[in-house]
Amino acid sequence: ALYLGKRDFVDHVESVDVVGSVLIPKPYLSAVWVYLACAFRYGSDDLDVIGLSFRKDIWVKRVQIYPVVGTKPANTPMQEALLKKCGDQGHPFTFTIDTNLPCSVGLQPAPEDAGKSCGVDYEVKAYIAKEADDPDEKISKKDTCRLIIRKIQFAPGKVGAGPKADISKNFMMSDKPVHLEASIEKELYFHGDPIPVNVKINNETTKVVKKIKITVEQTTEVLLYQSDKYSKTVFTEEFAEEIKGESTLEKTFTVIPLLSNNKEKRGLAVDGRLKDEDTNLASTTIIRPGMDKGMQGIMVSYKIKVNLLVSSGGLLGGLTAR
């Protein structure tokens, strides 16, 4: 039996929560091992053919639990509570997740797709074996138990100022341009937070700006099995704001990108999911200096675009936000 006090482990950027639990083995003659693996899955289990697996281990750590070998780290309060209930058969163990590993993220399957989706996941597995990792030793499923856990991103405490972008465009038969400036107050927002987008327009032409269109795009870059980068719209709305020639506008528009409005979009990056629980749009990947991008598996970023619909022609400006 495997016991975990929780299944969500937080990446605090500088450190990651410790994975600790208790195993209760029966009196087997073979050894009992536990491993924690971070893996990238790029195909369903039922697609495995001729012994090939659509899964690549990014990071694996193993420890022998039974018989006890060497010294063990101090027990956590959760482990102490479980040991009181388990008695002598309880064997605590601890894993420390490296800070350079990716967070749990998956690509949303289509409604008709079955099986596990493509993405990065973490698995704690206990198994009975003579050796820790002997490819010639066959381990029965009845001698194995698994638990899927999630590594989730925690937003940094210090939030910087938001980005700003501006653009100007001249139109035919007009010697003066239209100026557009877009900005947001901070660079980081939590899931479900309203995002105020500040828009400033200086229309020096004689043309009329009929609408303002704001779009939020998610850019996903899959790094392991191939170089694949694509963008998907997670929010779009048109605002009926008319700016006549030789006039200005300064206004704040609120956007809220939500996964609940994008359930049908295949390939959208989402935070790791446990069974059928609801999740969110994937958090932005935070890359620290010295980190290997290739180990991230899937990188996610977001961009806000503001588009002015003019009486003849269009004007596009963009800014990025996490």
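All values reported here derive from a predicted model rather than from experimental measurement.

Brief notes about the side chain of Glu217
The topology assignment puts Glu217 in strand β13 (residues 209-222). For Glu217, a relative accessible area of 17% puts it in the buried group. Filtering out sequence-adjacent residues up to four positions away, Glu217 remains in contact with Ser231, Lys232, Thr233, Ser301, Tyr302, Lys303 and Lys305.

Some remarks on the side chain of Gln108
Summarising the element assignment, Gln108 is placed in the loop between β7 (105-107) and β8 (119-129). The class of Gln108 is buried, set by a relative accessible area of 6%. Reaching out from Gln108, the side chain makes a polar contact with the backbone oxygen of Lys263 at a distance of 3.3 Å. Reaching out from Gln108, the side chain makes a polar contact with the backbone oxygen of Lys265 at a distance of 2.8 Å. Beyond its immediate stretch of four places on either side in the chain, Gln108 contacts Leu259, Asn262, Lys263, Glu264, Lys265, Arg266, Gly267, Leu268 and Val270.

Let's talk about the environment of Gly192
Of note, Gly192 is situated in the loop between β11 (177-184) and β12 (195-203). Gly192 gets classed as partly exposed once you look at its relative accessible area, which sits at 42%. Along the primary structure Gly192 and Asn280 are separated by 88 residues, whereas in three dimensions their C-alpha atoms are 8.8 Å apart. Not counting the four nearest positions on each side in its chain, Gly192 is found in contact with Ile256 and Leu258.

Examining the packing of aromatic side chains
Counting across every chain of the model gives three aromatic pairs. On the basis of an interplanar angle of 80 degrees and a centroid distance of 6.3 Å, the ring pair of Tyr35 and Tyr127 is categorised as edge-to-face. Here the residue Tyr35 occupies a position in strand β4 (residues 31-41), and Tyr127 occupies one in strand β8, the gap between them amounting to 92 residues. When its relative accessible area of 3% is taken as the criterion, Tyr127 is described as buried. Centre to centre, the rings of Phe93 and Phe95 are 5.7 Å apart; their planes meet at 70 degrees, and the pair counts as edge-to-face. With relative accessibility at 4%, the residue Phe93 sits in the buried group. Judged by its relative accessible area of 1%, Phe95 falls in the buried class.

Describing the nonpolar core
Core analysis: the biggest nonpolar cluster contains 64 residues, and Val19, Val197, Ile201, Ile212 and Ile214 have the highest contact counts within it. Considering every element that reaches this core, the biggest residue donor is strand β17 (residues 298-310), with seven residues. When neighbours within four sequence positions are excluded, Ile214 is seen to be in contact with Val197, Phe235, Thr236, Glu237, Phe239, Phe253, Val255, Ile304, Lys305 and Val306.

Quick look at the sheet that holds strand β3 (residues 19-23)
Taken in spatial order, the three strands of this open sheet run β1-β3-β6, and their pairing is antiparallel. In this open sheet, the two strands that pair with only one neighbour each are β1 (2-4) and β6 (91-95). Neighbour-to-neighbour, the strand axes of the sheet open up by a mean angle of 30 degrees, direction not taken into account. Looking at chain direction, β1 and β3 are connected through three bridges and run antiparallel. When the bridges of β3 are listed, Leu4 appears paired with Ser21.

Definitions and limits used
- In every chain, residue numbers begin from 1 and rise along the written sequence.
- In keeping with the model being predicted, local features are shown solely for residues with a pLDDT of at least 70 and side-chain atom pairs are shown and tallied solely at 80 or more, while totals for entire chains, interfaces and linings include all residues.
- No hydrogens and no water enter the side-chain calculation; it runs on all heavy atoms of the structure.
- Helix numbering and strand numbering both begin at the N terminus, where a helix is a DSSP run of H or I of at least 4 residues and a strand a DSSP run of E of at least 2.
- Type-normalised accessible area, obtained with a 1.4 Å probe on protein chains alone, sets the label of each residue: buried when under 20%, exposed when over 50%, and partly exposed for intermediate values.
- In this analysis, two residues are considered to be in contact whenever any of their non-hydrogen atoms come within 4.5 Å of each other.
- Any pair of nitrogen or oxygen atoms within 3.5 Å is treated as a polar contact; in protein, a donor-acceptor pairing is required on top of that, and neighbouring residues in sequence qualify only through side-chain atoms on both sides.
- Stacked, tilted and edge-to-face pairs are distinguished by plane angle, under 30 degrees for stacked and over 60 for edge-to-face with tilted covering the rest, among Phe, Tyr and Trp rings (Trp via its six-membered ring) whose centres lie within 6.5 Å.
- Among buried residues, those of type Ala, Val, Leu, Ile, Met, Phe, Trp, Tyr and Cys that are joined through side-chain atoms within 4.5 Å constitute a nonpolar core.
- Between any two strands, pairing holds if DSSP finds at least two bridges.
- Fitted lines through C-alpha atoms give the axes, limited to the stretch in contact for helices. The angle between two N-to-C directions lies from 0 to 180 degrees.

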